[in-house]
Amino acid sequence: MTEHDFSDESPGIITDSELNELQDFLDSDTVPEGSMILDTLDGFLTALVIGPVSVPIKRWMPLVWDMLDGHKTPAFESLDQAKRMTKLILKMKESITFLFSSSPDLYCPLCMEIELESDEMYNNLVKLWATGFVMGIYCNENNWKPLLDRKEVFEELLMPIFLLSPFSNDTPPLPTKTANVIRELIPRYVKEIRKFWLPQRQREMAKEKGVVIADEAEQTGRNEPCPCGSGKKFKKCCGK
């Protein structure tokens, strides 16, 4: 696929059947060995959605198929299949975006929404989620530096996620009880990370729409129109 195959148009909200379709494709032999599976993709897209700035599709999409360097692509059966899988990935990203804009308190990783038999199974899937989330940071590392360089914030919100991922290979495996605690706190970590970047995201959204806003989000009253230009009250939009 070329960069002209990507579109920034809103693809809509993904359905459960479409998630299953995407999962089946990512689990198939059609994709390269180093591609993401659904839980990794969930973490990856979450980091992209809540991060400091929008990341161009042509920069992050290749990493879905090849986490190492983005050079390999699936052996698609047809152009229609390639477009279909790309559309499902974009719908998954749009769904995460919509959740954070409408009901951020309801966020949790996909793997925590299903019923599994043991903590070990949950933790294994959460580790895959954490791998994707950290990759979403590395995909846009320069823009994440203000958070990465804030030692106290990094240690509180990001270090636990790093410890679950394979990127912390210099540390011993986490005890099950510790992993359980981190797993349950992931929704809070993600929501707090999103809050950290929210003022910067607001400025980016306003700039794209040609809206001039105050330097700090706190200067906008909760019942005033949101400075992003959505037409909603601040408390119902970026102020969540």
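Numbering of residues begins from 1 in every chain and follows the order in which that chain's sequence is written. Residue-level local features of this predicted model are given only where pLDDT is at least 70; pairs of side-chain atoms are given and counted only at 80 or more, and the full residue set underlies all totals for whole chains, interfaces and linings. Values reported for side chains reflect all heavy atoms of the structure, with hydrogen atoms and water molecules removed beforehand.

K.L.:
Is there a simple way to think about the overall build of the protein chain in this case?
P.N.:
Helix numbering and strand numbering both begin at the N terminus, where a helix is a DSSP run of H or I of at least 4 residues and a strand a DSSP run of E of at least 2. On a plain count of helices and strands, the protein chain comes out with eight helices and zero strands. Starting at the N terminus and ending at the C terminus, the protein chain contains elements arranged as α-α-α-α-α-α-α-α. Relative accessibility under 20% of the residue-type maximum defines a buried residue, over 50% an exposed one, and the middle range a partly exposed one, all with a 1.4 Å probe and only protein chains included. Counting only residues that meet the buried cut, the protein chain has 44% of its 240 residues in that class. Contacts are residue-level and defined by heavy atoms, with any inter-residue pair within 4.5 Å sufficient. Once local pairs closer than 6 in sequence are excluded, the contacts in the protein chain between residues at least 24 apart make up 68%. The Shrake-Rupley method, run with a 1.4 Å probe sphere, supplies the accessible areas, and residue values consider only the shown protein chains as cover. On the protein chain, roughly 13,000 Å² of surface is accessible, and the fraction owed to carbon and sulfur atoms is 50%.

K.L.:
I tried to follow the confidence of the model for the protein chain on my own but got confused; where do I start?
P.N.:
On a range of 0 to 100, pLDDT expresses the predictor's confidence in each residue. Scored by pLDDT, the protein chain comes out at a mean of 85, with 80% of its residues at no less than 70. Helix α2 (residues 38-50) holds the highest mean pLDDT among the elements of the protein chain, 97, whereas helix α8 (residues 176-209) holds the lowest, 88. This stretch, residues 1-9, has a pLDDT under 50; its non-local contacts, to residues over four places away or in other chains, come to 11 contacts.

K.L.:
Honestly, the environment of Met67 in this entry has me stumped. Any pointers?
P.N.:
Note on placement: Met67 falls in the loop between α3 (57-65) and α4 (79-102). Remark: the alpha-carbon pair of Met67 and Ser35, spanning 32 residues in sequence, is separated by 5.8 Å. With sequence-adjacent residues up to four places away left out, Met67 is seen in contact with Gly34, Ser35, Met36, Thr40 and Met135.

K.L.:
Whenever I open this one, the side chain of Gln81 confuses me. Can you help?
P.N.:
With respect to the secondary-structure elements, Gln81 resides in helix α4. For Gln81, a relative accessible area of 16% gives the class buried. Those residues in contact with Gln81 that sit more than four places away from it in its chain are Phe25, Thr30 and Phe76.

K.L.:
Is there a simple way to explain the nonpolar core in this structure?
P.N.:
Proteins that are soluble and globular tend to have nonpolar side chains buried together. Formed by 55 residues in total, the largest nonpolar core has its most connected members in Leu41, Phe44, Trp60, Phe133 and Ile193. Listing elements by their share of this core, those giving two or more residues are α1 (16-26), α2, α3, α4, α5 (119-138), α6 (141-148), α7 (151-164) and α8. In terms of residue count, the dominant contributor to this core is α2 (eight residues). If we skip the residues at most four places from it in the chain, Phe133 touches Gly43, Phe44, Thr46, Ala47, Ile50, Trp144, Leu158, Ile161, Val190 and Ile193. Among buried residues, those of type Ala, Val, Leu, Ile, Met, Phe, Trp, Tyr and Cys that are joined through side-chain atoms within 4.5 Å constitute a nonpolar core.

K.L.:
Explain the packing of α6 against α7 to me, please; I cannot follow it from the model alone.
P.N.:
The relative placement of two packed helices comes down to the angle between their axes together with the axis-to-axis distance. With axes taken as lines fitted to C-alpha atoms, and helix axes fitted only over the stretch in contact, angles between N-to-C directions fall between 0 and 180 degrees. Relative to each other, α6 and α7 sit at 115 degrees, their axes nearing to 9 Å. In terms of their interaxial angle, α6 and α7 are classed as roughly perpendicular. Here Trp144, Leu147 and Leu148 of α6 come into contact with α7, specifically with Val153, Phe154 and Leu158. Oblique is the label for any angle not covered by the other classes, which are roughly parallel (under 35 degrees), roughly antiparallel (over 145) and roughly perpendicular (65 to 115).

K.L.:
For this particular structure, what's the right way to read the packing of α5 against α7?
P.N.:
Closest axis-to-axis distance for the α5/α7 pair is 8 Å, and the angle between their directions is 120 degrees. With respect to α7, the element α5 is oriented oblique. The way α5 lies across α7 gives a crossing that is left-handed. Where α5 approaches α7, its residues Val126, Lys127, Trp129, Ala130, Phe133, Val134, Ile137 and Tyr138 are matched on the opposing element by Leu158, Ile161, Phe162 and Leu164. By definition, turning the near helix anticlockwise from the far helix through less than a right angle yields a left-handed crossing, and turning it clockwise yields a right-handed one.

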